[in-house]
Structure formats: structure tokens, C-alpha cells
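# Observations on chain architecture
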Amino acid sequence: ERYLRVGILVPTLENGGMERVASQISILLTENNIKVFLFVQKYNRLTAYQHGGKIVICPYLISNDSMQDEMLSYVIGSKMIKKEKIKYKIDVSISISPEMNLLNLLSKTNDRIVLSIHNCMSLREDIKSIAYKKWIMLFNNLAYRVVTVSEWCKRDLQINYHIRSKKIEVIYNPYLIENGEEIRNKANIIL
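Along every chain, residues carry numbers that run from 1 in the direction the sequence is written. Thresholds applied to this predicted model are a pLDDT of at least 70 for local features of residues and 80 or more for the giving and counting of side-chain atom pairs; totals over whole chains, interfaces and linings are not thresholded and use all residues. Only heavy atoms go into the side-chain values, all of them from the structure, while hydrogens and water stay out.

This brings us to the packing of helix α2 (residues 67-87) against helix α3 (residues 98-106). The angle between two axes is taken between their N-to-C directions and runs from 0 to 180 degrees, where each axis is a line fitted to C-alpha atoms and a helix contributes only its stretch in contact. Runs of E in the DSSP output that reach at least two residues are strands. Runs of H or I that reach at least four are helices, and both are numbered from the N terminus. Two elements in contact, α2 and α3, have axes separated by 8 Å at closest approach and are oriented at 60 degrees. Regarding the angle of α2 to α3, the classification is oblique. Note on packing geometry: the crossing formed by α2 with α3 is right-handed. In contact with Tyr-74, Gly-77, Ser-78, Ile-81 and Lys-85 of α2, α3 contributes Glu-99, Leu-102, Leu-103, Asn-104 and Leu-106. For the contact of α2 with α3, a count of residues per class yields five nonpolar, three polar and two charged. Oblique is the label for any angle not under 35 degrees, not over 145, and not in the 65 to 115 range, which are roughly parallel, roughly antiparallel and roughly perpendicular in turn. What makes a crossing left-handed is the near helix being turned counterclockwise from the far one by less than a right angle; a clockwise turn instead makes it right-handed. The contact criterion used throughout is that any non-hydrogen atoms of two residues lie within 4.5 Å. Residue polarity follows a fixed list, in which Ala, Val, Leu, Ile, Met, Phe, Trp, Tyr, Cys and Pro are nonpolar, Asp, Glu, Lys and Arg are charged, and the others, Gly among them, are polar.

Right under this line is the structure:
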């Protein structure tokens, strides 16, 4: 019997919200007998969030020196990832962040591509990466699904980036309750 094989693309598994979401997804999937492969740029076992699945290190670096260098680094990085997707026979590839989404799309094999966007992109004028450009974001329509964290972000993707509504799913960020932890004052919870 062949199990579903899921690749999760994230830069690292430490120090951030998207990294925590990736680690939580990997745990939930492995608990449900899904083979998980975490494609990371770098990995430190001592500081990584708890996670499930196999770590696959793809040591590419995205250069922001110039648009040409950045585009070249996406091509090189996507070739590394594509090779690993083929090696591990990935069925579904989930990426977290616009940079990882672009790498996921460029490294497509026979896998279903699921992109994840955790902020309202049009508000991110501080980031100059080509992964955030409107013309690049149009390629998100080639994905199987685009997951975002709120209805507001969904509208942003539809209106400002022309991503088709039928492609977008809203899934709020998870909050895992630790063993035995109880939420006592339910009236004052903000998530």
C-alpha cells in the first residue's frame, strides 16, 4: 500500500510564525499516516520547532542583489527542489511564504501544488522580492489551491492580484493546546 507523500517547503523550522505553522502541519499529517518531507534551506536540530517527517536540506540561497541574480537563484533553487520532489515521489507540495510559493510553482512535477499566504500582500510595500510582484502572483492561479489566513487576505488576493476565487481557501492559523492545557477565561481570548 502506498501512502500519500507530502512535501512542505519552508526556509527553516525555527524562529517564526510560518515556520511554526509548517511544523504543526507536519505533525498533524504524520499522525494521520501521511509521509511528510520538509524541504528546508537550513536546519538546526537543537533550535527547530518540534516537527514530524523527514528533513530534506536544499541549500539554495535567494539573492536580492539584483533582479537578474534573484531570478537566477529561483531557477537554481527550483531545480534542487524538483530533483528532491522526484526522488521522494511527492504527491502534494505545500509551500509557506511567497518566496517558497514561487519555488514550489517552478519545481512542479506531477504533484498538486498548494500555496500558503499568511499576510495581506498589497500591504507589504517594504519587501522588494520578485515573489511579491503582481505579475508573478498571477502564476498562483496555476496552483491547485491557494490557502490564506483570513477573508480579508482572500479579498486582497482576488482584487489586487487577480487570483481566482475558486482557487482560494481560507484556513485560519492553528492554535494547538498543549496536553492538559485548559482555556479558563473564554471571554478574553484573542487569536
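Working definition: rings of Phe, Tyr and Trp (its six-membered ring) pair if their centres are within 6.5 Å, and the pair is stacked with planes under 30 degrees apart, edge-to-face with planes over 60 apart, and tilted otherwise. Across all of its chains, the model carries one aromatic pair by this definition. Looking at Lys-134, its charged tip hangs above the ring of Tyr-161, at a distance of 5.8 Å from the centre. Here, over-ring charges are defined by two tests on the NZ atom of lysine or the CZ atom of arginine: distance to the ring centre within 6 Å, and angle to the ring normal within 35 degrees.

Turning next to unusual backbone geometry. Positive phi values are uncommon outside glycine, yet Asn-33 reaches one of about 60 degrees. When you line up the elements, Asn-33 lands in the loop between α1 (17-31) and β2 (35-40).

Turning to the pairing of strand β5 (residues 112-117), a few remarks are in order. Think of it in three bands: residues with accessible area under 20% of the maximum for their type are buried, residues over 50% are exposed, and the middle band is partly exposed, with areas taken using a 1.4 Å probe on protein chains only. Of all six residues making up β5, five are buried, and the element is well covered by its neighbours. Where strand β4 (residues 92-96) meets β5, five bridges bridge the pair, whose relative direction is parallel. Considered in β5, the bridge of Ser-93 is made with Ile-113. By the bridge criterion, four bridges tie β5 to strand β6 (residues 145-148) in an arrangement that is parallel. Residue Leu-115 lies in a different strand from β6, and its bridge partner there is Val-146. If DSSP finds at least two bridges between two strands, the strands pair.

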